[in-house]
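The residues making up each chain are set out below.
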Amino acid sequence: MRDVESALDHTGHAHEPLRIHVERVVRQYFAVLGDELPTDLYELILKEIEQPLLSVVLEKTRGNQTKCAQILGLNRGTLRKKLKTYGLM
């Protein structure tokens with residue numbers, strides 16, 4: 001996590017913690033909705049974040065699921081289940 005901020009240079013907000021970026025996106029989402037209230041927002045956000053997270057870490061580990069699971073702090077079986085869910089295997 002120590003270099004997350006520098007990895008975000010392309011956004012123009014390089015020195016902000018990841019949580020600030022997430023907060024900004026959630027606020028933008030509510031702004032677009034206006035007075036409409038979303039349902040299942042938690043699940044929606046998890047799905048939007050989880051798939052690219054898994055994909056990038058799997059790419060970084062060159063498909064090594066054991067290393068990917070270690071990086072993510074997941075059990076390898078849990079990782080495999082999530083990879084299948086998103087069609088990443």
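Please refer to the structure higher up on the page.
Residues numbered from 1 in each chain as written. Predicted model: local features only at pLDDT ≥ 70, side-chain atom pairs only at ≥ 80, totals over all residues. Heavy atoms only, no water.

Please explain the packing of aromatic side chains as it appears in this structure.
The geometry of an aromatic ring pair is captured by two quantities: the separation of the ring centres and the angle between the planes. Per the stated rule, a full pass over the model turns up one aromatic pair. Each ring, one from Y29 and one from F30, has its centre 6.3 Å from the other, and the planes form 70°; the classification is edge-to-face. (Phe/Tyr/Trp six-rings, centres within 6.5 Å; stacked < 30°, edge-to-face > 60°.)

Would you mind showing me how to read unusual backbone geometry here?
With the exception of glycine, the majority of residues adopt a negative phi angle, and the majority of peptide bonds are in the trans configuration. Residue D40 is not a glycine yet carries a positive backbone phi of 55°. Counting through the fold element by element, D40 comes out in the loop between α2 (18-33) and α3 (41-60). You can call D40 exposed: its relative accessible area is 61%. (Helix = DSSP H or I, 4+ residues; strand = E, 2+ residues; numbered from the N terminus. Buried < 20%, exposed > 50% of the residue type's maximum accessible area, 1.4 Å probe, protein only.)

Before we go on, may I ask you to explain the layout of surface pockets in this structure?
It is the rolling of a water-molecule-sized probe over the atoms that shows where space remains empty. There is about 190 Å³ of room inside the second largest pocket. Looking at which element gives the most residues to the lining of the second largest pocket, the answer is α3, with six residues. Of the residues contributing to the lining of the second largest pocket, the split by class is five nonpolar, no polar and two charged. (1 Å grid on protein atoms, 1.4 Å probe; cavity = no way out; pocket = protein on both sides within 12 Å on 5 of 7 lines; lining within 4 Å. Points joined across faces, edges and corners; volume = space filled by probe spheres on them. Nonpolar A, V, L, I, M, F, W, Y, C, P; charged D, E, K, R; others polar.)

Sorry if this is basic, but what is going on with the packing of α3 against helix α4 (residues 65-72) here?
The relative placement of two packed helices is expressed as an angle between their axes plus a distance between the axes. Put simply, α3 and α4 touch, their axes get as near as 9 Å, and they point 125° apart. Classified by the angle their axes make, α3 and α4 are oblique. Seen from above, α3 lies across α4 with right-handed handedness. Here α3 contributes L53, L54, V57 and L58 to the contact with α4, which in turn contributes Q65, C68, I71 and L72. (Axes fitted to C-alpha atoms, helices over the stretch in contact; angles between N-to-C directions. Parallel < 35°, antiparallel > 145°, perpendicular 65-115°, else oblique. Left-handed = near helix turned anticlockwise from the far one by under 90°. Contact = heavy atoms within 4.5 Å.)

Function-wise, these values are silent; they only describe arrangement.
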